[in-house]
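Read off the chains here:
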2 protein chains.
Amino acid sequence: MSTARGARARARTEITAAIKDEARRQLAAEGAAKLSLRAVARELGMVSSALYRYFPSRDDLLTALIIDAYDSLGEAAESAHAKAADAEPVQQWTTVCEAVRAWALAHPHEYALIYGSPVPGYSAPDSTVPAASRVGLLLIGVVREAWEGRGIARPPLPADLRPEAERMMADLAPDLPPEVVAALVSAWAQLYGLVGFEVFGQFHRVVEDRAVFFTHAVTQLAHHVGLLNHGRTAETPHRPQGRGKGTASGGRRAGS
Amino acid sequence: MSTARGARARARTEITAAIKDEARRQLAAEGAAKLSLRAVARELGMVSSALYRYFPSRDDLLTALIIDAYDSLGEAAESAHAKAADAEPVQQWTTVCEAVRAWALAHPHEYALIYGSPVPGYSAPDSTVPAASRVGLLLIGVVREAWEGRGIARPPLPADLRPEAERMMADLAPDLPPEVVAALVSAWAQLYGLVGFEVFGQFHRVVEDRAVFFTHAVTQLAHHVGLLNHGRTAETPHRPQGRGKGTASGGRRAGS
DNA sequence: CCAAGGCAAGAGCACTGCTCTCTTTTTAAG
DNA sequence: CTTAAAAAGAGAGCAGTGCTCTTGCCTTGG
């Protein structure tokens, strides 16, 4: 599929990659606003109009970079999680969050591209959705594992939020209880509040030891969604149907 | 001071205001990236170079708009708070948060300007700090009132965060205990995570009933910083007592 | 082998931010 | 009241942008 399709096709994918690489370089150096098609073309020794054979517009180039950024972030988070797969749920959660933070600090402009203000009239096409979902799915996975295996506390859920929570549950994680899904979604958004404030400099002269602060904040977030530190907590863990791993499919809505 | 110091000076402030108004119009219509000095000048019937007598560069115009946006948001939050000054602390907190959300939804491009990705090489000058602090100070004030008057729970504070928390306390609110200040700062950042996700469309197809969801999330945030519902604590603050059954399905709905 | 289509190049359009002159108008000092 | 300085507007111009269109070259599939 991707090999030996003729020299021309190979050259095309190669040049496409080169364009993205150079664009990413300029993005990292100057930010999305200063990314110029002409400058990219110049740097690659081609004329600006030639670039339109590969990307029909500047926004399409940006879209490609956005997807790549989501994937890069997703991969960073996933590989960090893989290394902590055996840890406590809270530990897994904070590991993922810290990977997100580290990636964001290492790639501030790419982070701004995906979690900052959306570009002018541009609205992300659906093609970005899978890549954009990776971190979210990862967090869902962490919570799911805790829910199935080692127990999880159920956050409070006011009556007026229940319908919405059940809808979210149906969409995102049909196996998790609605109160956990609702808490998870809000923790998800709040995580990016913390990261964004740090990356965008809002913590300037407010928080100094940001790593420690961040770790604490996301640990609280983990507790907020109901994750528990296994051994040493006074809080009573909820065990789904009290049967451990055997009946994962049947175990939802425990407390009746 | 601002009156009758010559026709020229009056004309200057008037024109300056007109420029900002028109710029704000274009900002709301198209976003910061498409804000063009020439277009503003054109709309005002002046030539582009004349505009440089009022703002030395496009970035300076943006800075002015940023300060105005911060002030506009601050004022919205403050006036909302003033109307709820007698309510429970949690109520005051959610009122302020909801005012922030409402303002952001009503002025998405201005919100993006101040809490989205910072513009290219531009870093906000110190002159923006006072305006930018208004919402933060307001939230501190809410917590302070609760701390002085009606009591407040003290969130947990791990040992390694204590020095940082004490430093933040010294800077921001010397009268509040460090654990409360630390929780407050993280809640502050998380608030903007929630608002940003909604304004920037990240909740698309994830959260539908966003008002209800937001209210619940910021109520949890209030509990996170230690605010209590005075009379009835149907919802115990951020301490899920396990045993899903008991959690007050009845209603929180802190009314007055 | 040879037509078809992918591809690069270049010119050009309508913009942009910004600078520099030049002229007019207003202000303030003598 | 005059006059010199300061402030403001107008216009041309520079270097840059995204994007389109036409013109040819050259690889490729039939």
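Analysis parameters
Residues numbered from 1 in each chain as written. Chains lettered and ligands numbered in written order. Predicted model: local features only at pLDDT ≥ 70, side-chain atom pairs only at ≥ 80, totals over all residues. Heavy atoms only, no water. Near = heavy atom within 4 Å. Polar contact = N/O pair within 3.5 Å; in protein donor to acceptor, adjacent residues only side chain to side chain. Helix = DSSP H or I, 4+ residues; strand = E, 2+ residues; numbered from the N terminus. Nonpolar A, V, L, I, M, F, W, Y, C, P; charged D, E, K, R; others polar. UniProt positions renumbered as here; feature names shortened; annotations may be inferred. Salt bridge = Lys/Arg side-chain N within 4 Å of Asp/Glu carboxyl O.

**Here we look at the protein's contact with DNA strand D**
Consideration 1: Taken together, 22 residues form the shell around DNA strand D, and within it Leu37, Arg38 and Arg42 of chain A together with Arg12 and Ser49 of chain B come nearest.
Consideration 2: In this structure, a phosphate oxygen belonging to DNA strand D sits 2.6 Å away from a side-chain N or O atom of Arg42 of chain A.
Consideration 3: Tyr52 of chain A places a polar side-chain atom, nitrogen or oxygen, 3.2 Å from a phosphate oxygen of DNA strand D.
Consideration 4: Among the secondary structure elements, those contributing two or more residues to the surface near DNA strand D are helix H1 (7-30), helix H2 (37-43) and helix H3 (48-51) of chain A together with helix H1 (7-30) and helix H3 (48-51) of chain B.
Consideration 5: Its residues assigned to classes, the surface near DNA strand D shows nine nonpolar, five polar and eight charged.

**So, the UniProt feature "DNA-binding region" (unreviewed entry) in chain A**
Consideration 1: Under the UniProt annotation, "DNA-binding region" (unreviewed entry) lies at residues 36-55 of chain A.
Consideration 2: Across residues 36-55 of chain A, helical content stands at 55% and strand content at 0%; the span's end C-alpha atoms are separated by 13 Å.

**What to know about the pattern of salt bridges**
All names here are of chain A.
Consideration 1: Enumeration over the complete set of coordinates arrives at 24 salt bridges over all chains.
Consideration 2: When the shortest N-O distance is used, the salt bridge between Asp68 and Lys20 registers 3.1 Å. In this pair, Asp68 sits in helix H4 (residues 58-83) while Lys20 sits in helix H1, placing the two residues 48 residues apart along the sequence.
Consideration 3: Among the ionic contacts, a cluster of salt bridges with common partners joins Lys20, Asp21, Arg24 and Asp68.

**Remarks on the protein's contact with DNA strand C**
Consideration 1: Near DNA strand C, the surroundings consist of 24 residues, among which Arg53 of chain A together with Leu37, Arg38, Arg42 and Arg58 of chain B are the closest.
Consideration 2: Between DNA strand C and the protein, one listed contact pairs a base oxygen with a side-chain N or O atom of Arg38 of chain A at 3.4 Å.
Consideration 3: Taking Leu37 of chain B, its main chain carries an N or O atom lying 2.6 Å from a phosphate oxygen of DNA strand C.
Consideration 4: Of all the elements in the fold, those that place two or more residues in the surface near DNA strand C are H1 and H3 of chain A together with H1, helix H2 (37-43) and H3 of chain B.
Consideration 5: When its residues are assigned to classes, the surface near DNA strand C shows nine nonpolar, six polar and nine charged.

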